[in-house]
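# Fold and geometry: a report
Here is how the chains run, residue by residue.
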Amino acid sequence: EVQLQESGPGLVKPSQSLSLTCSVTGYSITSNYWGWIRKFPGNKMEWIGHISYSGSTSYNPSLKSRISITRDTSKNQFFLQLNSVTTEDTATYYCARYNVGTSFGYWGQGVMVTVSS
Amino acid sequence: DVVMTQTPVSMSVSLGGQVSISCRSSQSLVHNNGNTYLSWYIQKPSQSPQLLIYKVSNRFSGISDRFSGSGSGTDFTLKISRVEPDDLGVYYCGQGTQYPWTFGGGTKLELK
């Protein structure tokens, strides 16, 4: 069974970079699509972007200038880097694997990230 | 971006009852390939979101047939029958037809 686990700092200072890791077990990241989604305080959810089985990426245009999604196939991990963070980037960040089509079938437990000085 | 509007924002239900949640998109969700990429998720308290329905009406693995999705174009509905305590949480619709993928604002289902 595929399992995903996010890791990274819970607190980041404004203007710094946020780096998160998604470790995957039970399924190779060289298959399927792998995404990042965040949920803000309240209920708003936002798709951040994804990396494909081949390593190609797609990003939300609202974040495109600040984000990078990469991977390490040897460790079966993929990564999110978000630059120049502000308090508006405070959210719970989830990694997920796509299901049929473009739905998110498998999610990590999430990591809460607070941007504060 | 495609705006997803869910109604109601919250609702209360009795155990064993039935509820319907509406999701409307600002543009048609029919993809060029003919598929409609509309999904439904539930986020239970202190848990990650879980996929319930994909491509409008297909139940994800392990999802009870008490959950059903319907709709087309820009109007979609999630129905939950014989509501159980484990069904409580926040429901989201999401579209994966047009980049960037977007989500509705959520519908909180509570016990009456």
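Each chain has its residues counted from 1, following the order in which its sequence is written. Chain A is the first chain written and ligand 1 is the first ligand written, with later ones labelled in order. Per-residue local features are limited, in this predicted model, to residues with pLDDT of at least 70; the limit for side-chain atom pairs, both in listing and counting, is 80 or more; totals at the level of whole chains, interfaces and linings are taken over all residues. Water and hydrogen atoms play no part in the side-chain values, which are based on all heavy atoms of the structure.

Every helix listed is a DSSP run of H or I at least four residues long, and every strand listed is a run of E at least two residues long, numbered separately from the N terminus. Scanning chain B from terminus to terminus reveals 0 helices and 11 strands. When its helices and strands are written in sequence order, chain B yields β-β-β-β-β-β-β-β-β-β-β. When we talk radius of gyration, it's over C-alpha atoms, and the globule rule is simply 2.2 Å times the number of residues to the 0.38. A compact globule built from 112 residues would reach a C-alpha radius of gyration of about 13 Å, and chain B, at 13 Å, matches this within 12%. In terms of overall dimensions, chain B has a C-alpha envelope of 40 × 25 × 25 Å along the principal axes. We call a residue buried when its accessible area falls under 20% of the maximum for its residue type, exposed when it is over 50%, and partly exposed in between, using a 1.4 Å probe and counting protein chains only. Looking at the 112 residues of chain B, the share that counts as buried comes to 49%. Every residue pair with non-hydrogen atoms within 4.5 Å of one another is taken to be in contact. Contacts in chain B between residues far apart in sequence, at least 24 positions, make up 53% of those at least 6 positions apart. Charged residues are defined here as Lys and Arg on the positive side and Asp and Glu on the negative side; His and the ends of the chain fall outside this count. Charge positions are represented by NZ for Lys, CZ for Arg, CG for Asp and CD for Glu. Counting 9 positive and 7 negative side-chain charges, chain B places the centres of these two groups 4 Å from one another.

With that settled, the discussion passes to the sheet that holds strand S3 (residues 19–25) of chain B. Within a sheet, neighbouring strands are paired by backbone hydrogen bonds and run either parallel or antiparallel to one another. All names here are of chain B. Overall, antiparallel pairing links the 4 strands, which are arranged S1-S3-S8-S7 in an open sheet. Across the chains shown, the open sheet's two edge strands, defined by having one partner strand only, are strand S1 (4–7) and strand S7 (67–72). Strand-to-strand twist in this sheet, taken as the mean axis angle between neighbours without regard to direction, amounts to 20 degrees. In this analysis, strands are considered paired if DSSP registers two or more bridges between them. As defined by bridge partners, S3 adjoins strand S8 (residues 75–80) across 6 bridges and the pair is classed as antiparallel. Note that in S8 the partner of Val-19 across the bridge is Ile-80. Note on geometry: axes are lines fitted to C-alpha atoms, helical ones only across the stretch in contact, with angles between N-to-C directions running from 0 to 180 degrees.

For the rest of this paragraph, the subject is the interface of chain B and chain A. Each side of the interface is counted separately: chain B has 20 residues, and chain A has 24 residues. Reported buried area values correspond to the accessible surface (1.4 Å probe) lost by two parts on association, with both partners' losses combined. Summed over both partners, the interface of chain B with chain A comes to about 1,800 Å²; 63% of that surface belongs to carbon and sulfur atoms. On the chain B side of the interface with chain A, the three residues burying the most area are Pro49(B), Trp101(B) and Phe103(B), jointly 30% of the side's total. Polar contact is defined as a pair of N or O atoms within 3.5 Å, subject to the rule that within protein one atom must be able to donate a hydrogen and the other to accept it, and that residues adjacent in sequence are counted only when both atoms are side-chain atoms. Linking chain B with chain A are 10 residue pairs in polar contact (both at pLDDT 80 or more). For the side of chain B that touches chain A, the secondary structure elements donating two or more residues are strand S4 (38–43), strand S5 (49–54) and strand S9 (89–95) of chain B. Under the convention adopted here, Pro, Cys and the residues Ala, Val, Leu, Ile, Met, Phe, Trp and Tyr are nonpolar, Asp, Glu, Lys and Arg are charged, and Gly plus all remaining residues are polar. By residue class, the composition of the side of chain B that touches chain A is 12 nonpolar, 7 polar and 1 charged.

Our focus in this paragraph is the nonpolar core. Side-chain atoms within 4.5 Å link the members of a nonpolar core, which is a set of buried Ala, Val, Leu, Ile, Met, Phe, Trp, Tyr and Cys residues. Core analysis: the biggest nonpolar cluster contains 27 residues, and Trp36(A), Phe78(A) and Tyr93(A) have the highest contact counts within it. Where this core is concerned, the elements lending two or more residues are strand S3 (18–25), strand S4 (33–39), strand S5 (45–52), strand S7 (67–72), strand S8 (77–82), strand S9 (91–98) and strand S11 (111–115) of chain A. Residues Val2(B), Met11(B), Ile21(B) and Ile80(B) belong to the second largest nonpolar core, which totals 23 residues.

For the rest of this paragraph, the subject is the pairing of S5(A). Residues and elements named next belong to chain A. Most of S5 sits out of view: 8 of its 8 residues are buried. As judged from the 7 bridges shared by S4 and S5, these two strands associate in the antiparallel manner. Counted as the bridge partner of Ile-37 is Trp-47 from S5. Hairpin connection, S4 to S5: the antiparallel pair is bridged by 5 residues, and Gly-42 has positive phi, about 95 degrees. Across 3 bridges, the pairing between S5 and strand S6 (residues 57–59) is antiparallel. Bridge pairing in S6 links Ile-51 to Thr-57.

Under the pairing criterion, centres of Phe, Tyr and Trp rings, with the six-membered ring standing for Trp, must be within 6.5 Å; the plane angle then separates stacked pairs below 30 degrees from edge-to-face pairs above 60, leaving the rest tilted. Counted by the stated rule, this structure contains 16 aromatic pairs over all chains. With centroids separated by 5.5 Å and ring planes inclined at 75 degrees, the aromatic side chains of Tyr106(A) and Phe60(B) adopt a geometry described as edge-to-face. Residue Tyr106(A) is located in strand S10 (residues 104–107), and its partner Phe60(B) is located in the loop between strand S6 (58–59) and S7; the two belong to separate chains. Classification of Tyr106(A) as partly exposed rests on a relative accessible area of 25%. For the ring pair Trp107(A) and Tyr41(B), a centre distance of 5.8 Å and an interplane angle of 80 degrees mean the geometry is edge-to-face. Of this pair, Trp107(A) sits in strand S10 while Tyr41(B) sits in strand S4, placing the two residues on different chains. Across the pair, exposure class does not vary: Trp107(A) and Tyr41(B) are buried alike. Through a chain of ring-to-ring contacts, the aromatic side chains of Tyr33(A), Tyr53(A), Tyr94(A), Tyr98(A), Phe104(A), Trp107(A), Tyr41(B) and Phe103(B) assemble into a single cluster.

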